[in-house]
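What follows is the residue order along each chain.
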Amino acid sequence: MTDIDKTAEPTDTPPAGAEAIKAIPVRHYGRYVSAVIAIALLVAIIYAFGQGRINWHAVPDYFFDDRIVTGVGKTLLLTVLSMLVGIVGGIVLAVMRLSKNPVTSSIAWFYIWFFRGTPVLVQLFLWFNLGLVFEYINLMPFYKDYWSNFMTPLLTALLGLGLNEAAYMAEICRAGLLAVDEGQTEAAHALGMSHAKTLRRVVIPQAMRVIVPPTGNEVINMLKTTSLVAAVQYPELFRYAQDIGQNSGAPVEMYFLAAAWYLIMTSVLSVGQYYLERYYARGSSRQLPPTPWQKVKTNMLSLGRPKGGMA
C-alpha cells in the first residue's frame, strides 16, 4: 500500500501529460451596446443644449453675485433651523408614539398622519394665509399683535418646513428606537436606571446607527425643499435667482445657476453624511468602509500593478 506524504505542499503545476485549462472570459455584448446608447444620448442632450439660445456667459457673471450669495446663506440657515425643529419634534413625537399612554400616543399618531398626508406647499400657504382667519394673535400677557405682523415670511417658512419634517423624523426615530433589542432596556432597568436615563444613555446611542442614514437624506431633501418658500415671499436662493432672471432677461440661465449652487451644497452634505455614517458604524462593522481618498489611493495603486502579479 502506497503511503501518502501529507507534509508535501500543493503545487500549481499540472501533472505530466495533462493539458492546461485556458479560461476564456465571457463577452457581455449587451453591456457594450447599452454603453454606446447611453453615450449617444448624453452627446445628443449636450448638443441640443449647445444649439439652444442660452447665454451661458450669464451664469459665471452672476455666480457670485451679492444677492445669490445672500440667498445661499439664507437657504443654509433655513435648512439648519427647519431640521433642528424637525429633529427635536421628531424625537418627542417618536417617544409619544411609543408611549403606553393612549392619549399621547393618539396625539402623536394624528400629528404624523396629518402632516405626512398633506403637501408641504399647501401647509406653507395655510400658515401664510391664516391672517385671513385670525386678525390678532393673543398670547395673553406675553404677546399680542396683528397676525400679519407676527407671521413673517421666515416664520411661515420655518413652521411649514419644520413641522412637516417633524412628522417624517418621528417615523425615522421610532424605527431606530424599535431596532434596539428590548434586552438592553430590561438590563438598564434592572440596574436601577430610570426610563429617561435609559433612553439617553443606552437606547438612543445604539439607535443612532439606524437613524443617521435616513436623517442625512432628509437634510439633503430639506435643502432642496427650501426652494418652495419662494411662494410665500421668503428671499432665498431660488427667489433671488428668479428676481435676477426677470430683471436681466435671462431667466433660464439663472435657473441653471441656482441648480449649480444646489448641486454644490448637496454634494458637500453628501460627503458629510458619508463620514457621519462611517463614524456610527464603528460599533457594528468589523471593517469600516473605505473613505473616498482611500478608494482613490487603492485604485491608483492597482493601476500600477502588472497583470498577473504584484507591483
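Structure: above.
Overview of the structure. (Residues numbered from 1 in each chain as written. Predicted model: local features only at pLDDT ≥ 70, side-chain atom pairs only at ≥ 80, totals over all residues. Heavy atoms only, no water.)

Considerations on the overall build of the protein
Phase 1: For the protein, the helix and strand inventory stands at 12 helices and 2 strands.
Phase 2: In sequence order, the protein lays out its α and β elements as α-α-α-α-α-β-β-α-α-α-α-α-α-α.
Phase 3: Considering the protein as a whole, with its 311 residues, one finds that 27% of them fall into the buried category.
Phase 4: Restricting to contacts in the protein with at least 6 residues of sequence separation, those with at least 24 account for 71%.
Phase 5: Looking at the protein as shown, the accessible area adds up to about 21400 Å², and 64% of this sits on carbon and sulfur atoms. (Helix = DSSP H or I, 4+ residues; strand = E, 2+ residues; numbered from the N terminus. Buried < 20%, exposed > 50% of the residue type's maximum accessible area, 1.4 Å probe, protein only. Contact = heavy atoms within 4.5 Å. Areas by Shrake-Rupley, 256 points an atom, 1.4 Å probe, with all protein chains shown as cover.)

A word on the packing of helix α3 (residues 66-97) against helix α10 (residues 237-248)
Phase 1: Close contact between α3 and α10 brings their axes to 7 Å; oriented N to C, the two are set at 160 degrees. With respect to α10, the axis of α3 lies roughly antiparallel. For the pair α3 and α10, the contacting residues are Arg67, Ile68, Thr70, Gly71, Val72, Lys74 and Thr75 in the first and Leu237, Tyr240, Ala241 and Ile244 in the second.
Phase 2: Grouping the constituent residues of the contact of α3 with α10 by class yields 6 nonpolar, 3 polar and 2 charged. (Axes fitted to C-alpha atoms, helices over the stretch in contact; angles between N-to-C directions. Parallel < 35°, antiparallel > 145°, perpendicular 65-115°, else oblique. Nonpolar A, V, L, I, M, F, W, Y, C, P; charged D, E, K, R; others polar.)

What about the environment of Pro60?
Phase 1: As for its position among the elements, Pro60 is in helix α2 (residues 58-62).
Phase 2: Residue class for Pro60 comes out exposed when judged on its relative accessible area of 55%.
Phase 3: Taking C-alpha positions, Pro60 is 8.2 Å from Leu257, a pair spaced 197 residues apart along the chain.

Some details on the layout of surface pockets
Phase 1: In this structure, the largest pocket spans a volume of roughly 500 Å³.
Phase 2: Considering the residues around the largest pocket, the lining is formed by 17 residues, among which Leu98, Leu177, Thr185, His195 and Leu199 are closest to the centre.
Phase 3: Where the lining of the largest pocket is concerned, the elements lending two or more residues are α3, α7 (153-179), α8 (182-190) and α9 (195-225).
Phase 4: Considered class by class, the residues forming the lining of the largest pocket number 8 nonpolar, 5 polar and 4 charged.
Phase 5: For the second largest pocket, the calculated volume is near 390 Å³.
Phase 6: Lining the second largest pocket are 18 residues, with Ile87, Met208, Ile211, Val212 and Thr215 sitting closest to its centre.
Phase 7: Elements supplying a minimum of two residues to the lining of the second largest pocket: α3, α7, α9 and α11 (251-280).
Phase 8: Ranked by residues supplied to the lining of the second largest pocket, first place goes to α9 with 8 residues.
Phase 9: When the residues that make up the lining of the second largest pocket are grouped by side-chain class, the tally is 14 nonpolar, 4 polar and no charged. (1 Å grid on protein atoms, 1.4 Å probe; cavity = no way out; pocket = protein on both sides within 12 Å on 5 of 7 lines; lining within 4 Å. Points joined across faces, edges and corners; volume = space filled by probe spheres on them.)

So, the pattern of salt bridges
Phase 1: This model, assessed by the stated rule, comprises 4 salt bridges.
Phase 2: Put simply, Glu171 and Arg97 hold a salt bridge, and the shortest N to O gap is 3.1 Å. One end of the pair, Glu171, is in helix α7; the other, Arg97, is in helix α3, with 74 residues separating them in the sequence.
Phase 3: Relative accessible area serves as the criterion here: at 17%, Glu171 is assigned to the buried category.
Phase 4: Among the ionic pairs, Arg239 bridges to Asp243, the shortest N-O distance being 3.7 Å. Here Arg239 pairs with Asp243, and both are found in helix α10, just 4 residues apart, close to one helical turn.
Phase 5: What emerges from the salt-bridge pattern is a single network uniting Arg97, Glu171 and Arg174. (Salt bridge = Lys/Arg side-chain N within 4 Å of Asp/Glu carboxyl O.)

Regarding unusual backbone geometry
Phase 1: Positive phi values are uncommon outside glycine, yet Gln233 reaches one of about 70 degrees.
Phase 2: With respect to the helices and strands, Gln233 occurs in the loop between α9 and α10.

Some details on α11
Phase 1: Across its 30 residues, α11 extends 43 Å between first and last C-alpha, which sits within 8% of the 44 Å expected from 1.5 Å per residue.
Phase 2: Every buried residue of α11 is accounted for by Glu253, Met254, Leu257, Ala258, Trp261, Tyr262, Met265, Thr266 and Gln273.
Phase 3: For α11, the elements touching its buried residues are α2, α3, α9 and α10. (Expected span 1.5 Å × (residues − 1).)

Brief notes about the nonpolar core
Phase 1: By size, the foremost hydrophobic cluster in this structure holds 20 residues, and its most contacted members are Leu78, Leu161, Leu177 and Val229.
Phase 2: Mapped by element, the contributors of at least two residues to this core are α3, α5 (120-128), α7 and α9.
Phase 3: Sort the elements by how many residues they give to this core and α7 lands first, with 6 residues.
Phase 4: Not counting residues up to four positions away in its chain, the partners in contact with Leu78 are Leu154, Ala157, Leu158, Leu161, Thr226, Val229 and Tyr234.
Phase 5: Formed by 15 residues, the second largest nonpolar core is a distinct cluster that contains Phe63, Ile244, Met254 and Ala258. (Core = buried A, V, L, I, M, F, W, Y, C linked by side-chain atoms within 4.5 Å.)

Spatial relationships are all this shows, so hold off on functional conclusions.
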